[in-house]
Amino acid sequence: RPAATYKYVDLKVASRDSRRAMEGDLQRLVGVNLRRHRERLSISQEAFAEVVGVHRTYLGALERGERNLSLRSLERLAQVLGCDPVALLLAEGPEH
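Residues numbered from 1 in each chain as written. Predicted model: local features only at pLDDT ≥ 70, side-chain atom pairs only at ≥ 80, totals over all residues. Heavy atoms only, no water.

## Focus: the overall build of the protein
Consideration 1: Helix and strand counts for the protein come out as five helices and zero strands.
Consideration 2: Secondary structure elements of the protein, listed N to C terminal, follow the sequence α-α-α-α-α.
Consideration 3: Within the protein, the proportion of its 96 residues that are buried is 25%.
Consideration 4: For the protein, the proportion of contacts with a sequence separation of at least 24, taken over those separated by at least 6, is 61%.
Consideration 5: Carbon and sulfur atoms provide 54% of the accessible area of the protein, an area that totals close to 6,900 Å². (Helix = DSSP H or I, 4+ residues; strand = E, 2+ residues; numbered from the N terminus. Buried < 20%, exposed > 50% of the residue type's maximum accessible area, 1.4 Å probe, protein only. Contact = heavy atoms within 4.5 Å. Areas by Shrake-Rupley, 256 points an atom, 1.4 Å probe, with all protein chains shown as cover.)

## Concerning the nonpolar core
Consideration 1: The biggest cluster of nonpolar side chains holds 13 residues, and the ones touching the most others in it are Leu34, Phe48, Leu59, Leu77, Leu81 and Leu88.
Consideration 2: Among the elements of the structure, α2 (25-40), α3 (45-52), α4 (56-63) and α5 (71-81) are those that each provide at least two residues to this core.
Consideration 3: Broken down by element, this core gets its largest block of residues, four residues, from α5. (Core = buried A, V, L, I, M, F, W, Y, C linked by side-chain atoms within 4.5 Å.)

## A short note on the packing of α3 against α5
Consideration 1: As a packed pair, α3 and α5 sit with axes 10 Å apart at the nearest point and diverge in direction by 115°. Judged by the twist between their axes, the crossing of α3 over α5 is right-handed. For the pair α3 and α5, the contacting residues are Phe48, Val51 and Val52 in the first and Arg76, Leu77, Val80 and Leu81 in the second. (Axes fitted to C-alpha atoms, helices over the stretch in contact; angles between N-to-C directions. Left-handed = near helix turned anticlockwise from the far one by under 90°.)

## Focus: α2
Consideration 1: Compared with an ideal rise of 1.5 Å per residue, which puts 16 residues at 22 Å, α2 spans 22 Å between its outermost C-alpha atoms and is within 8% of the ideal.
Consideration 2: When α2 is considered as a whole, its buried residues turn out to be Leu29, Val30, Gly31, Asn33, Leu34, Arg36, His37 and Arg38.
Consideration 3: Here the buried face of α2 lies against α3, α4 and α5.
Consideration 4: Downstream of α2 by a residue or two, Ser42 has a phi angle that is positive, lying close to 55°. (Expected span 1.5 Å × (residues − 1).)

## Concerning the side chain of Glu63
Consideration 1: Along the chain, Glu63 falls in helix α4.
Consideration 2: Each residue touching Glu63, except ones within four places of it in the same chain, is listed here: Gly31, Val32, Leu34, Arg35, Arg38 and Gln45.

## Let's talk about unusual backbone geometry
Consideration 1: Phi at Ser42 is positive, roughly 55°, even though this residue is not glycine.
Consideration 2: Position of Ser42 among the secondary structure elements: in the loop between α2 and α3.
Consideration 3: What makes Ser42 exposed here is its relative accessible area of 69%.

## Some words on the pattern of salt bridges
Consideration 1: Per the counting criterion, the structure on display carries four salt bridges.
Consideration 2: Salt-bridge contacts for Glu66 lead to Arg64; the nearest nitrogen and oxygen are separated by 3.0 Å.
Consideration 3: Residue class for Glu66 comes out partly exposed when judged on its relative accessible area of 49%.
Consideration 4: Exposure remark for Arg64: the relative accessible area of 46% places this residue in the partly exposed category.
Consideration 5: Three or more residues are tied together by salt bridges with common partners; here these are Arg35, Arg38 and Glu63. (Salt bridge = Lys/Arg side-chain N within 4 Å of Asp/Glu carboxyl O.)

Structure representation (structure tokens):
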């Protein structure tokens, strides 16, 4: 019986660790895509932040995947970038 208990605990810990590894992946992906789209338009981080109405350091944190983003904010950023909001959520190219 104790072996089953340890096995159960081991499985629970292993699944929690794998979830942790995934946490933030989408956030980082959005940041990478946000930066890529901004750079394609040759817009500086500071100028883009001003247009969007956020501080440059906040935009930098978004691009590094350090800050959460609401869907409304995602839509607003996509609108300013002239892209579909879904494009900011999708992995693109070999680096993903």
